Amino acid sequence: MTQQFGDAVNAKVIMMIGANSAVANPIGFKHFLQAKDRNGTKLIVVDPIYTRSAAKADLYLRIRSGTDIAFVYGMLHIIFKNGWEDKEFIETRSYAMDQIRAEAAKWTPELTSDVTGIPVDQIIQATTLFAKNTPSAIAWSLGITQHSVGSSNTRILPILQIALGNMGKKGGGLYIIRGHDNVQGATDMGNLADTLSGYYGLDDNAWKYFATSWGVDYEWLKGRFFEKKWMNEKGYSLAKWYQGVLQEEKTYSSAPIRAVWIQGTGITSMSQQAKIKEALDKVDLVVIAEPFVNEAAVLTSRKDNIYILPVGTQFESEGTVTATNRSAQWRSKVVEPLYESKSDEEVMFAFAKKFGFYDQFVQGMKMDVKDGKVVQVKNDFKWPDDAVREIARTIKSIGLSGWTPERLRSHQENWHMFDPVTLEGKGPMKGQYYGLPWPCWDDKHPGSPILYRRDVPVAEGGMGFRNRFGLEHNGVSQLADKSVTVAGSKIEGGYPQLTKENIEKVLGITLTEAEKAQMGGSWAMDFSGLIQQKAREAGVCVYGNAKARTIVWEFPDPVPLHREPIHSPRWDLVQKFPTYDDQPKNFRVETKFKSEQQKQDWSKEFPIMLVSMRVVNLSGAGMLERTSKYLSAITPEMFANIHPDLALKHGIRDRDMMWIHAPHGTKIKVKAYHNHSVTADRICLPYNFAGVFQGADLSANYPEGTKPYAIGESSNTITNYGFDVITQISEFNAGLCRVEKA
Amino acid sequence: MRKYIYLIIGALCLASAVYANESQIWGEMRIQNILGYGQEESWKLGPLFTMLQSQYFAWIFLGVLLGVPAVFFMHYKIVGPKVFPHSEKKYYAFNLYNRIIHQVAAVSFLVIVPTGFIIVFGDFFGGGTLVRMAKNLHGIFTIPFTIVVIPMALMWLKEALFNLDDVKWFLILGGYLSKEKQIIHASQFNAGQKMWYWVAILGGITMIFSGAFMFFLDFKMEMLHNLTGMSQIDLLRAAAILHNVMGFAVVALFITHVYMSMFAIKGAVHSIITGYVEEEEVKFLHNKWYKKLKDQGKF
Amino acid sequence: MSNEMARMKFYCDDHRCIECFACSVACAEAHELPTGISRRKVITLHDGVEGKEVSTSIACMHCTDAPCEQVCPVDCFYIREDGIVLHDKDKCIGCGYCLYACPFGAPQFPRDGAFGHKGAMDKCTMCAGGPLETNSEKERHLYGQNRIAEGKVPMCAAVCSTNALLVGDAESVSNIYRKRVAGRGQRS
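Residues numbered from 1 in each chain as written. Chains lettered and ligands numbered in written order. Predicted model: local features only at pLDDT ≥ 70, side-chain atom pairs only at ≥ 80, totals over all residues.

Trainee: Which residues make up unusual backbone geometry, and what values do they have?
Mentor: Of the consecutive residues Thr134 of chain A and Pro135 of chain A, the connecting peptide bond is found in the cis state with omega at 0°. With respect to the element layout, Pro135 of chain A can be found in the loop between α7 (120–132) and β5 (136–140). The step from Trp383 of chain A to Pro384 of chain A runs through a cis peptide bond, and the omega angle for that step is 0°. Within the secondary structure, Pro384 of chain A is located in the loop between β13 (373–376) and α19 (385–394). The backbone of Ala96 of chain A sits at a positive phi, close to 70°, despite the residue not being glycine. Mapped onto the elements, Ala96 of chain A comes out in the loop between β4 (94–95) and α5 (97–106). The class of Ala96 of chain A is buried, set by 20 C-beta atoms lying within 10 Å. For Phe21 of chain C, which is not glycine, the phi dihedral falls at a positive 70°. Residue position: Phe21 of chain C is located in the loop between β1 (8–12) and α1 (22–30). (Helix = DSSP H or I, 4+ residues; strand = E, 2+ residues; numbered from the N terminus. Buried ≥ 20, exposed ≤ 12 C-beta atoms within 10 Å, placed from the backbone.)

Trainee: Report on the domain arrangement of chain A, specifying residues and quantitative values.
Mentor: Residue and element names in this part refer to chain A. For chain A, the domain assignment lists domain 1 (5–176), domain 2 (183–417) and domain 3 (571–741). Using C-alpha coordinates to define each centre, domain 2 is positioned 30 Å away from domain 3. At the junction of the two partners, domain 2 supplies 31 residues and domain 3 supplies 29 residues. Within the residue set of the side of domain 2 that touches domain 3, elements represented by two or more residues are α14 (243–246), α15 (273–282) and α16 (295–299). Class assignment for the residues of the side of domain 2 that touches domain 3 results in 11 nonpolar, 13 polar and seven charged. (Domains from an automatic or database assignment. Contact = placed C-beta atoms within 7 Å. Nonpolar A, V, L, I, M, F, W, Y, C, P; charged D, E, K, R; others polar.)

Trainee: Give me the interface of chain A and chain C: which residues, what numbers.
Mentor: The interface is formed by 27 residues belonging to chain A together with 25 residues belonging to chain C. In terms of residue class, the side of chain A that touches chain C is made up of 13 nonpolar, six polar and eight charged.

Trainee: Outline the arrangement of the chains, listing residues and values.
Mentor: The chain pair with the greatest number of contacts, out of two pairs of chains in contact, is formed by chains B and C. For chain A and chain B, which are not in contact, the least C-alpha distance works out to 15 Å.

Trainee: For the packing of helix α3 (residues 68–82) of chain A against helix α9 (residues 150–163) of chain A, give the residues involved together with the corresponding values.
Mentor: All names here are of chain A. Direction vectors running N to C along α3 and α9 enclose 15°, while the axes themselves pass 9 Å from each other. The angle between α3 and α9 falls in the class roughly parallel. Helix-helix and strand crossings are classified by hand; for α3 and α9 the assignment is left-handed. In contact with Asp68, Ile69, Val72, Met75, Leu76 and Ile79 of α3, α9 contributes Ser152, Asn153, Ile156, Leu157, Leu160 and Ala163. (Axes fitted to C-alpha atoms, helices over the stretch in contact; angles between N-to-C directions. Parallel < 35°, antiparallel > 145°, perpendicular 65-115°, else oblique. Left-handed = near helix turned anticlockwise from the far one by under 90°.)

Trainee: Please set out the sheet that holds strand β27 (residues 735–741) of chain A residue by residue, giving values where relevant.
Mentor: Residues and elements named next belong to chain A. Read around the closed barrel, six strands run β19-β23-β20-β22-β21-β27, paired in mixed fashion. If you compare each strand with its neighbour and ignore which way they point, the axes differ by 45° on average. When strand β20 (residues 639–642) meets strand β23 (residues 682–686), the two strands line up antiparallel, connected through two bridges. Across the sheet, the residue bridging to Ile642 is Ile683, located in β23. (Pairing = 2+ DSSP bridges.)

Trainee: Could you give an account of the pairing of strand β8 (residues 285–290) of chain A, naming the residues involved and the relevant values?
Mentor: All names here are of chain A. Inspection of the sheet shows strand β7 (residues 259–263) paired to β8 by five bridges, in the parallel sense. The residue bridging Val260 from the neighbouring strand is Val286, located in β8. Once you follow β7 into α15 and on to β8, the crossover reads as right-handed. One ladder, built from five bridges, connects β8 with strand β9 (residues 306–310); its direction is parallel. Bridging from a neighbouring strand, Ile288 pairs with Ile308 of β9. (Right-handed = clockwise from strand over helix to strand, strands pointing away.)

Trainee: An account of the environment of Val287 of chain A is needed here, citing residue identities and associated values.
Mentor: All names here are of chain A. Inspection of the secondary structure puts Val287 in strand β8. Overall, the presence of 17 C-beta atoms within 10 Å leaves Val287 in the partly exposed class. For the pair Val287 and Ile306, spaced 19 residues apart in the sequence, the C-alpha separation amounts to 5.8 Å. Beyond its immediate sequence surroundings of up to four residues, Val287 is in contact with Trp261, Ile262, Tyr307 and Leu309.

Laid out in structure tokens, this is it:
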């Protein structure tokens, strides 16, 4: 998220697309409603279903799921045609917009309407409202990311904001709304298969950098892998890990996966539930370390070699979490872990001890920077303070250097000293933003509530775009134009990211020998902090001041292209806008695209669009909330929203049970709720249930006394096959199905 | 029939609309943002019920409770009871079955009516345990009545049908305003008894249903809902209004029934206990029946 | 400010209410209500109908001339000086008349034992307890928390995620609402 929620009040228009924060993030949605009330902000909601958020919109567009790129090109077409774009911004701060313009030229309102299902006049109306009332902001969420074209989706929306000059401004930007507590933090910490913490990637430089910070030998780290090459390879993603067990699709690994350790994640909230079940049944060992019985334990029919370790909740642990606006918040321990449960870190420490790497595991917390070098400074560590210090010392890529435990604690203890809308501190907290939204470059930096603002000095949270992709491409400079000077900067216009090599030249300074000896190779790997120190003195941002690229030359689609979902209701459009070629390898497994999409006209047998949603009282697989009788009472059973016309065509009355069949042969039995939020061509179902699998009640699988108040089929049992070409996230939102009275 | 139902409901709505317009609570000022609780497209009987219950029901019940006995007290003092010799010939008119059915109903009424009054004047009794118990007894004793109401209806149905003689009976009010023993042309049941029959049976059934509605609150009546288009809460309100209004009639006639059998016609109550009716009584008060029995040689 | 004691009121701004259920769940949790008793209900009318869907939260509105108080046959209601409408559960007989009179469906009746028999009525107290000794064990048991006595905001309004549910003296509540309505008009 480039903004913080409070900034919504400065937007003249907010467009929510693929986000239903009234249900998924009510507190965030409050800010949009507040903006309406305080500033007359108009709200546009683009969604396949008429959501609770849509009910509050000034303009609602019913889009066919999986056609967001087409829709945004339709908007861009109108914008470029009428000259509503911010020409100066495009010229000075972006790269390759002409290629976007060329693609947008194809997307006339008529074609856009045909593909997206939104009437022409509504496309024009929304575009006019959004483009002519800047600053305008976009909010998106999982409805954008969870698609086979999710990575292109997440690019086309920022492109729209760049075209309108809405980036780096109050009231503009992007609200990328996280769905759960600390999702941002978990991602920042690299709880992913393709990168170390802080998005450092997996190359040797990154490993060596982390080895230094952790105080462990790089060779030792290397020795933990079966072969050196796996060290630099992505692991299995959560979306397709089961193929590592089942190996039905081609996998790349030294051996099949034989044990699964599940801690702090609902693996049943992923698609292909039937495959997950098979894999859980097949592995040698399943360990689940959770405060509540993870539904994975219930889904599997295994009787042996499955362990459930009780882990404390957030109230029984201390540390930081990161909110969706990049702010950190210190969280205090309210009680010691109850009964026999242990906190997450205790479990991990015990694990490390058992497997003989405890000393290396905790070594990083005993280290600190002395004279520019990381050295051991003590023989013991204090949890969680030293872990937070380790993070601050190491993660420079996104600017966590300023997140010291002392500062974060003082923010938490002094809530009353911060403005709830602007996040600005008052009194003793003056000059800091609440939670120090990253990047927070050093321990004097106030945090950056809005990214890419050049009207604010770097030391006060300003910056240009990051120079991440080289100095030039196809002979065009990637640095920002001469006219794009960040306030207070010594350097006029754009400049590259700082390295030991270029710092003297870029900043026009001379380093002493001692400084040279201490300084790391680049700003992101400089333990000494000298690069940041010099940059601060020059009013410069360490990561440079570059142009935003609108094309990604490493991706299959350098220019984002509309591609029909794998299972599309429009066979005619599948021919015109086919998906990608099959992927021989992403993460560690092959993935089908075109071969699956074009195997047959799926829409003949499965004519109904399948859209997933969330209910406000349940999160994830709902294993936590469904143990509350009050929350369960709100949605006591799994259901699907179905339009009365569609339901009655199949003889399904309101509250009848029905079967929903998916193209890959799975089915679920759920209650049909007649509802007008869906049209007769689609059904919509929550993904927050578990405990019933393809009609079979799994109640008996719950350990005694742990069965939740409400159980039901998981929609993920029928979520169609399909994964993003880059991130491999499952295609949760655009699929097909057929219904039948049960 | 449907026409009349609509007429009545229409009148009720009109009354509630008039009331609603004047009230702060029900008017536009207060319920700005709440259509509330399935009330859309329903009858909105709440204001009507509130008005009736807060201002009229208890007073009317008090009127019935005091007024009807007062009238009969005057009657007893001025006109006096009718006394018939109880030594003459008797006719076995009510068999054991008739009597058991009647007695069950009688006992039920003897509990239901007083407990009903305790509820109506609940504030007088201070609420709490006593009134709560009355409420529960009120409900529990509905069960025996429910069991016997249909058999009772069937066993006396033929005798309870109105005919032309009843008009004459009404014109002279059954001769009860006269001290003289007149020959009254009536069948086994006179018009007054027939009236009681219908109120007790139809009114009783109405009371059972409306009472059940109120007792269970979430009693689902799909059919009524579909027929009237009323929401659950309005059905409940209608039930409460009906229960009270019908209550006036049932209570008034119940008191009359008791007075007639116990006081107005000395000893008449024995006939439903023993089953035998006195020849004299039949001759004077149910002359048509008397003639019929005579012809059949029953006396 | 007039000399008159402020009258406490609830107001749910349906431009803000998103049916998140926080108010009703927090209420049930705070007062440890049995499931099925909703002192506060969240409802959505015209669910899914474009342009017509409205969500709102309903509980006892603590009416000035409360109809429940007027119809109660045992007179168990009383209205506090600050306008909060409360009732005495020891007096209540569970007859349901208050429910018939209430425009909001606020009174709730727990199923108390066999034969569908209903116990004493339960309703929103605006977190102000009942006629028993303030903060006594018995008050807590029968009426739930008495947050008003502790100077706290009623639970429901305290947790409202979008500040849709307003509570306070009638004047301040309507001032807030008026400001919002004016703000909405700015760009239309």
